[in-house]
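Here is what each chain is made of, one letter per residue.
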Amino acid sequence: MIIKDLEGLKSFALSLKKLLKKGDVINLIGGMGAGKTTLVNFIAKAFGISDSSSPTFSIVNVYEGDEKIYHLDLYRFDSPDDILDIDFEEYFYPEDALTFIEWAERTQEYLPDGMINIEFEKIDENKRKLTIRSDSKRGREINEYFSN
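It should be emphasised that the depicted structure is a prediction, and the values quoted were computed from it without experimental measurement. (Residues numbered from 1 in each chain as written. Predicted model: local features only at pLDDT ≥ 70, side-chain atom pairs only at ≥ 80, totals over all residues. Heavy atoms only, no water.)

1. Observations concerning the layout of surface pockets
Here is step 1: If you add up the space inside the largest pocket, you get close to 300 Å³.
Here is step 2: In terms of lining residues, the largest pocket is bounded by 21 residues, among which G33, A34, G35, K36 and T38 are the most central.
Here is step 3: Taken together, the elements giving at least two residues each to the lining of the largest pocket come down to α1 (6-19) and α2 (36-46).
Here is step 4: Among the elements that take part in the lining of the largest pocket, α2 stands out by supplying 3 residues, more than any other. (1 Å grid on protein atoms, 1.4 Å probe; cavity = no way out; pocket = protein on both sides within 12 Å on 5 of 7 lines; lining within 4 Å. Points joined across faces, edges and corners; volume = space filled by probe spheres on them. Helix = DSSP H or I, 4+ residues; strand = E, 2+ residues; numbered from the N terminus.)

In structure tokens:
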């Protein structure tokens with residue numbers, strides 16, 4: 001789907017929020033400035049969380065609102081084993097929260113099965129192409145919703 005501007009991304013975020021369930025792990029795939037953190041911020045606000053920011057320097061941010069959200073940014077990881085320095089099982093297999101991961105490919109061998117993979121392709125300064133991959137059951141369910 002093509003997102004033309006921030007309002008379009010916000011609309012997508014509000015629709016996605018309605019489909020998410022506790023335990024979902026959302027892998028946000030895309031380059032710097034693609035809109036990954038902005039999407040998480042819009043979803044966090046929709047869950048009543050007013051203070052959300054990029055976890056680039058802290059690796060993990062935990063947001064509490066109507067739902068608990070874990071937001072991981074693994075950009076600074078040099079090795080997949082860097083994930084062993086944090087309590088990654090709590091974030092990769094959340095029971096009572098949602099997890100959003102940026103730069104997950106840096107820990108490929110530790111990632112959980114069944115993630116919802118959303119790819120961001122930056123077309124120009126404002127426009128993005130978002131693709132929800134159908135490589136997991138939850139991904140297929142969400143992709144089907146947006147395809148209709």
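2. Considering the confidence of the model for the protein
Caution is warranted with low-pLDDT regions, since their predicted coordinates should not be read in detail.
Here is step 1: When pLDDT is averaged across the protein, the result is 91; 96% of the residues are at 70 or more.
Here is step 2: Averaged over each element, pLDDT in the protein is lowest for helix α4 (residues 137-147) (91) and highest for strand β2 (residues 25-29) (97). (pLDDT = per-residue confidence, 0-100.)

3. Comments concerning the environment of V62
Here is step 1: Take V62: it is sitting in strand β3 (residues 60-64).
Here is step 2: Taking relative accessible area as the criterion, V62 reaches 44% and is therefore assigned partly exposed.
Here is step 3: Placed 79 residues apart in sequence, V62 and E141 show a C-alpha to C-alpha distance of 26 Å.
Here is step 4: Beyond its immediate sequence surroundings of up to four residues, V62 is in contact with K68, I69 and Y70. (Buried < 20%, exposed > 50% of the residue type's maximum accessible area, 1.4 Å probe, protein only. Contact = heavy atoms within 4.5 Å.)

4. As for the environment of S50
Here is step 1: Within the fold, S50 resides in the loop between α2 and β3.
Here is step 2: For the pair S50 and E125, spaced 75 residues apart in the sequence, the C-alpha separation amounts to 26 Å.

5. Overview of the pattern of salt bridges
Here is step 1: Taken as a whole and judged by the stated rule, the model has 5 salt bridges.
Here is step 2: Here R138 makes a salt bridge to D24, at a shortest N to O gap of 2.7 Å. You can see R138 sitting in helix α4 and its partner D24 sitting in the loop between α1 and β2, a full 114 residues away along the chain. An identical accessibility class is assigned to R138 and D24; each is buried.
Here is step 3: Close ionic contact of R133 with E119 constitutes a salt bridge, the shortest N to O distance being 2.5 Å. A residue pair is termed long-range when its members are at least 10 positions apart, and R133 in the loop between β7 (128-132) and α4 and E119 in strand β6 (residues 116-122) qualify at 14 residues.
Here is step 4: The class for R133 is partly exposed, based on a relative accessible area of 30%.
Here is step 5: Residues joined by salt bridges that share partners form a network here, namely D24, R138 and E141. (Salt bridge = Lys/Arg side-chain N within 4 Å of Asp/Glu carboxyl O.)

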